[in-house]
Amino acid sequence: MNDILKTAAIQLDISWASKEENMRKALDALSSLPADIDIAVLPEMFTTGFICVPDDARMLAEPMNGTTLNTLRQWSRKFDKALCGSFIALENDRVYNRAFFIEPSGNEHYYDKHHLFSISGEDDAYSTGTEMMPIFKFKGWNISMAVCFDLRFPAWLRNNNATPYDLLIIMSNWPDSRVYAWKHLLIARAIENQAYVLGCNRSGTDNYGVYSGASMIIDPKGRPIQQVLDDTVCTGELSLTELEIFRKKFPVLNETDRFSFTI
């Protein structure tokens, strides 16, 4: 069990539909991280960009034993870090925007984006995820993850389980035109769920706009704690002891409304 969890958000300038180039960028960023980082987070659809043309998405989609995941498994072991992000997945002839959390131990966790961004036609290219966000253990921490547009739906992300998550990870392609909402929604999710929140966003430009990164690592009181290493990476050090002390001193989660979803 680790009291201190060291995290990094990697703000890739994603090249449109170019897996090989994006994997190279990801490897360069991972290679430059401090050795003691426990979790490295990549943006949403980090190998391709936010592809919403159905034929293009299907062409770029990969199975669970494809090149992207197999490479990430190798990198996780090589760098001794958990790797998190999302990619275009193909399973049972359906295409998903699938989040992954791959551990050096070989443990793996997945989540298919539930709230698809219909404004850009994401719902035409991808199948909706039908499972709730997972809560899984990593180094003694309870961790959950969701993808981009999910951030706007507080009930979906609500910490209403008997075992609440300690860290929520959001990977995203969130343009600057809505960056004010991005920052404040991340802060709100941290406050209302009494949890750390890590939001990893891309940089650069694509067909949807300009991205300045704007990744954030936020403590349970809603205060940003990230440290910018360079234009690509920001890091944050999280304390499980401090989180537990805060939850005991100010036990908001005890008053949480309990509910369930019908999906």
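Residues numbered from 1 in each chain as written. Predicted model: local features only at pLDDT ≥ 70, side-chain atom pairs only at ≥ 80, totals over all residues. Heavy atoms only, no water.

### Notes on the confidence of the model for the protein chain
A residue-level look at the protein chain finds 100% of positions with pLDDT of 70 or above and a mean pLDDT of 96. Within the protein chain, strand 13 (residues 227-228) has the poorest average pLDDT of any element, 86, and strand 4 (residues 94-102) the best, 99. (pLDDT = per-residue confidence, 0-100. Helix = DSSP H or I, 4+ residues; strand = E, 2+ residues; numbered from the N terminus.)

### Side note on the sheet that holds strand 13
Pairing in this open sheet of 7 strands is mixed, and the strands run 5-4-3-2-1-14-13 from one edge to the other. Each edge of the open sheet is held by one strand with a lone partner, namely strand 5 (108-112) and strand 13. Pairing between strand 3 (residues 82-91) and strand 4: 9 bridges, direction antiparallel. Looking at strand 4, one finds that Leu 83 is bridged to Ile 102. (Pairing = 2+ DSSP bridges.)

### Details of the pattern of salt bridges
Under the criterion given, the structure shown has 16 salt bridges. Between Arg 202 and Asp 13 there is a salt bridge, and its shortest N-O distance comes to 3.5 Å. Placement of the pair is Arg 202 in the loop between strand 9 (196-201) and strand 10 (203-206) and Asp 13 in the loop between strand 1 (4-10) and helix 1 (19-31), with a sequence separation of 189 residues. A relative accessible area of 0% places Arg 202 in the buried class. The class for Asp 13 is partly exposed, based on a relative accessible area of 40%. Residue Lys 113 pairs with Glu 122 through a salt bridge whose shortest N-O separation is 2.9 Å. The same class applies to Lys 113 as to Glu 122, namely buried. Via salt bridges that share partners, Lys 6, Asp 36 and Glu 237 belong to a single interconnected network. (Salt bridge = Lys/Arg side-chain N within 4 Å of Asp/Glu carboxyl O. Buried < 20%, exposed > 50% of the residue type's maximum accessible area, 1.4 Å probe, protein only.)

### Quick word on the pairing of strand 14 (residues 233-239)
Taken across its 7 residues, strand 14 has 6 buried, putting it largely inside the fold. Taken together, the 7 bridges between strand 1 and strand 14 define a ladder with antiparallel strand orientation. Paired with Ile 4 across the two strands is Ser 239, which belongs to strand 14. The hairpin formed by strand 13 and strand 14 contains 4 residues between the paired strands.

### Points about the sheet that holds strand 6 (residues 135-138)
Across the sheet, 5 strands lie side by side as 6-7-8-9-12; this open sheet has mixed pairing. Each of the sheet's edge strands pairs with one partner strand only, and the pair in question is strand 6 and strand 12 (216-218). Here the strands of the sheet are splayed against their neighbours by 20° on average, with no regard to which way each runs. In the sheet, strand 7 (residues 141-147) pairs with strand 8 (residues 167-172) via 5 bridges, with the strands oriented parallel. Residue pairing for strand 8: Ile 143 is matched across the bridge by Leu 167. Against the sheet, helix 5 (residues 179-193) makes contact with strand 8, strand 9 and strand 12, and its axis sits at roughly 155° relative to strand 9, the strand it touches most. (Axes fitted to C-alpha atoms, helices over the stretch in contact; angles between N-to-C directions. Contact = heavy atoms within 4.5 Å.)

### Regarding the environment of Asp 93
Inspection of the secondary structure assignment puts Asp 93 in the loop between strand 3 and strand 4. Judged by its relative accessible area of 58%, Asp 93 falls in the exposed class. Asp 93 sits 75 residues away from Leu 168 along the chain, and the two C-alpha atoms are 30 Å apart.

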